[in-house]
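Chain and residue survey
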Amino acid sequence: MSEFKPGLDGVIATDTSISYLDVDNEEIVIRGYDLIELAGAKSYPEVAYLVINGELPNHKQLTNFEKILLDDSTFPNEAYEVLKLAPKKSMVMDIIRTGISFLAGFNDESDLMNTSHESNLNKGIRLIAEVAILTANSHRILNNQNIIKPDNSKSFAENFLGMILGHKISSKEAEIFDKILICYIEHEMPNSTFAARIIGSTLSDMYGAFVGGISSLKGPLHGGANEAAIHMLLDIESKGGSKIADKYIMDKLNNKERIMGFGHRVYMKKYDPRALFLRDYIAELESNIQNGKELHKIYKIVEEVMAREKGLYPNTDYPIALLFYLLGIPIPLYTPIFFASRTSGLIAHVIEQHNNNRLFRPRVLYTGPRGLKL
Ligand code: SDX
């Protein structure tokens, strides 16, 4: 048996052709391309197609793919009724998780449990569209707002952000939101992707893998960090702003607390390439809201203190937290949007797992007693 590695730190869990974090060369490899280059030149549907199919789409393939991403014809009206039954104090991630489980029931069992490439592809791509609808509308329903259905005359990013905000958005806002969705789309083997692959390795279905993935991503050490990060920046602002930001962080660190949006299991003491790419867009949006400039100032001070005191740098959740706030996105939707983007990566990983499966079943280092007699 191999040696015990807490948290599987540094352990290679599977082989994959989907993505790889080349930390030394500071490149996030997505099917052979550099994610940051893709984020600068492509749209979310184009990168989603690449992640799922292994190649960039031609014009016809992209048109057909986008049509499915913006199609709500398979989204049952009963699902909206389920969302309405959610207790008002539900977390949006939990409502989406419930919605995904409910949607599974609209597949015949044979289709649901069919692990063929084609069946997984069809179910998965449909789920990208359905999770976006669940994301935007679960929050709207929780807040007694009207349901908004997809507008297939728009791009995926413009439609998704429009459904979330319920009003027209500028092309600049749609462009920045699209880049954020691309930065969140796929990232090798984070906890949530691993959860999905573990579930897929029992030949369980795509919906079940998604439920595992969303449950993992909800945690503040993972996808939940973006919401925690904006709450921290707003707390600093409420307690004195940029003047007290340095002391605020020092107090937290001296109290052995974690600063959300910083550090990474793989990047460790390096800057997350996605954070480096996205931080430049903050200045373009900071005048969107009255306290935007002050929040940006606080954002920079926190970053300076973390580099100085801990040698730690932002992961992607840190700039996205402020960008989402400047876009006017409700805070409870930050992590759900992360999951909605990452559906493309999860689909690719579940398909890859099912196409060449080996059940995940690790061993343990037993530390309990032995030989006890009744
Ligand atoms: C995501 O895996 C992925 O790729 C995830 C993700 C994706 O795209 O899917 O990139 C998305 O989840 C990004 C991470 C978001 N989470 C956060 O921002 C939460 C805050 N960060 C940390 O809790 C932490 O950095 C982790 C969880 C992200 C990684 O932690 P590790 O690898 O388990 O590191 P560790 O806990 O062993 O910490 C090592 C040292 C410790 O100091 P010592 O106790 O040794 O003195 O670094 C310190 C930690 O205290 N440290 C931090 C810190 N992160 C690590 N100290 C203060 N604030 C932090 N954020």
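What counts and what doesn't
- Residues numbered from 1 in each chain as written.
- Predicted model: local features only at pLDDT ≥ 70, side-chain atom pairs only at ≥ 80, totals over all residues.
- Heavy atoms only, no water.
- Near = heavy atom within 4 Å.
- Polar contact = N/O pair within 3.5 Å; in protein donor to acceptor, adjacent residues only side chain to side chain.
- Areas by Shrake-Rupley, 256 points an atom, 1.4 Å probe, with all protein chains shown as cover.
- 1 Å grid on protein atoms, 1.4 Å probe; cavity = no way out; pocket = protein on both sides within 12 Å on 5 of 7 lines; lining within 4 Å.
- Sits in = over half its atoms within 2 Å of the grid points.
- Helix = DSSP H or I, 4+ residues; strand = E, 2+ residues; numbered from the N terminus.
- Nonpolar A, V, L, I, M, F, W, Y, C, P; charged D, E, K, R; others polar.
- Domains from an automatic or database assignment.
- Buried < 20%, exposed > 50% of the residue type's maximum accessible area, 1.4 Å probe, protein only.
- Contact = heavy atoms within 4.5 Å.
- Salt bridge = Lys/Arg side-chain N within 4 Å of Asp/Glu carboxyl O.
- Axes fitted to C-alpha atoms, helices over the stretch in contact; angles between N-to-C directions.
- Parallel < 35°, antiparallel > 145°, perpendicular 65-115°, else oblique.
- Buried area = accessible area lost by both parts, 1.4 Å probe.
- Points joined across faces, edges and corners; volume = space filled by probe spheres on them.

Quick word on the site of the ligand
If you check the shell around the ligand, you find 24 residues, and the closest are His187, Arg258, His264, Arg265 and Arg274. Within the backbone of Phe262, a nitrogen or oxygen atom sits 2.8 Å from a nitrogen atom of the ligand. Between the ligand and the protein, one listed contact pairs an oxygen atom with a side-chain N or O atom of Arg274 at 2.7 Å. Notes on the ligand: free accessible area 1,000 Å², of which the protein chains cover 72%. With respect to the pocket detection grid, the ligand is positioned in the largest pocket. Of all the secondary-structure elements, those providing two or more residues to the shell around the ligand are helix 16 (292–310) and helix 18 (334–355). Along the lines of polarity and charge, the residues of the shell around the ligand split into 11 nonpolar, six polar and seven charged. Residue contributions to the shell around the ligand reach at least three from each of two domains, namely domain 1 (27–218 + 333–355) and domain 2 (225–327).

Section: the environment of Lys88
Following the sequence through the fold, Lys88 ends up in the loop between helix 4 (77–85) and helix 5 (92–104). Taking the relative accessible area as the measure of exposure, Lys88 reaches 48% and is therefore partly exposed. Measuring from C-alpha to C-alpha, the distance between Lys88 and Tyr325 comes to 23 Å, with 237 residues separating the pair along the chain. Leave out the neighbours within four places in its chain, and Lys88 touches Ile141, Leu142 and Asn144. Reaching out from Lys88, the side chain makes a polar contact with the backbone oxygen of Ile141 at a distance of 3.0 Å.

With respect to the pattern of salt bridges
Considering all chains together, one arrives at 19 salt bridges under this definition. Measuring nitrogen to oxygen at the nearest pair gives 3.9 Å for the salt bridge that ties Arg265 to Asp9. With a gap of 256 residues between them, Arg265 in the loop between helix 13 (245–254) and helix 14 (273–278) and Asp9 in the segment before strand 1 (19–22) connect regions that are remote in the sequence. The exposure class of Asp9 is partly exposed, given its relative accessible area of 39%.

Section: the packing of helix 5 against helix 11 (residues 206–217)
Running from N to C, helix 5 and helix 11 point in directions that differ by 175 degrees, and their axes come no closer than 9 Å. When the axis of helix 5 is compared with that of helix 11, the two are roughly antiparallel. Contacts from Met93, Ile96, Arg97, Ile100, Ser101, Leu103 and Ala104 in helix 5 reach Tyr207, Phe210, Val211, Ile214, Ser215 and Leu217 in helix 11. By residue class, the composition of the contact of helix 5 with helix 11 is 10 nonpolar, two polar and one charged.

Comments concerning the domain arrangement of the chain
You'll often see interface size given as the accessible area lost when the parts meet. Once the domains are mapped, the chain shows domain 1 (27–218 + 333–355) and domain 2 (225–327). The C-alpha-based centres of domain 1 and domain 2 are spaced at 27 Å. Between domain 1 and domain 2, the contact holds 23 residues from the first and 22 residues from the second. Interface area for domain 1 against domain 2, summed over the two sides, is near 2,000 Å², with a carbon-plus-sulfur share of 70%. For domain 1, the biggest contributors to the area lost against domain 2 are Ile176, Tyr184 and Tyr334; these three give 33% of the whole. Counting every contact that joins domain 1 to domain 2 gives one salt bridge. In this structure, the salt-bridge partner of Lys172 is Glu284, at a minimum N-O distance of 2.6 Å. There are 10 residue pairs in polar contact (both at pLDDT 80 or more) connecting domain 1 and domain 2. Looking at the side of domain 1 that touches domain 2, the elements that each hand over two or more residues are helix 1 (35–41), helix 8 (156–165), helix 9 (171–184) and helix 18.

Some remarks on the layout of surface pockets
Within this model, the largest pocket holds a volume of roughly 1,800 Å³. Lining the largest pocket are 47 residues, with Pro190, Asn191, His264, Arg265 and Val266 positioned closest to its centre. Broken down by secondary-structure element, the contributors of at least two residues to the lining of the largest pocket are strand 1, helix 10 (191–200), helix 16 and helix 18. Ranked by residues supplied to the lining of the largest pocket, first place goes to strand 1 with four residues. Residues belonging to the lining of the largest pocket are distributed by class as follows: 21 nonpolar, 13 polar and 13 charged. Shared between two domains, the lining of the largest pocket holds at least three residues of each, these being domain 1 (27–218 + 333–355) and domain 2 (225–327). Here the second largest pocket is characterised by a volume of approximately 800 Å³. As for the second largest pocket, its lining consists of 26 residues, of which Ser2, Leu8, Val11, Pro362 and Arg363 are closest to the centre.

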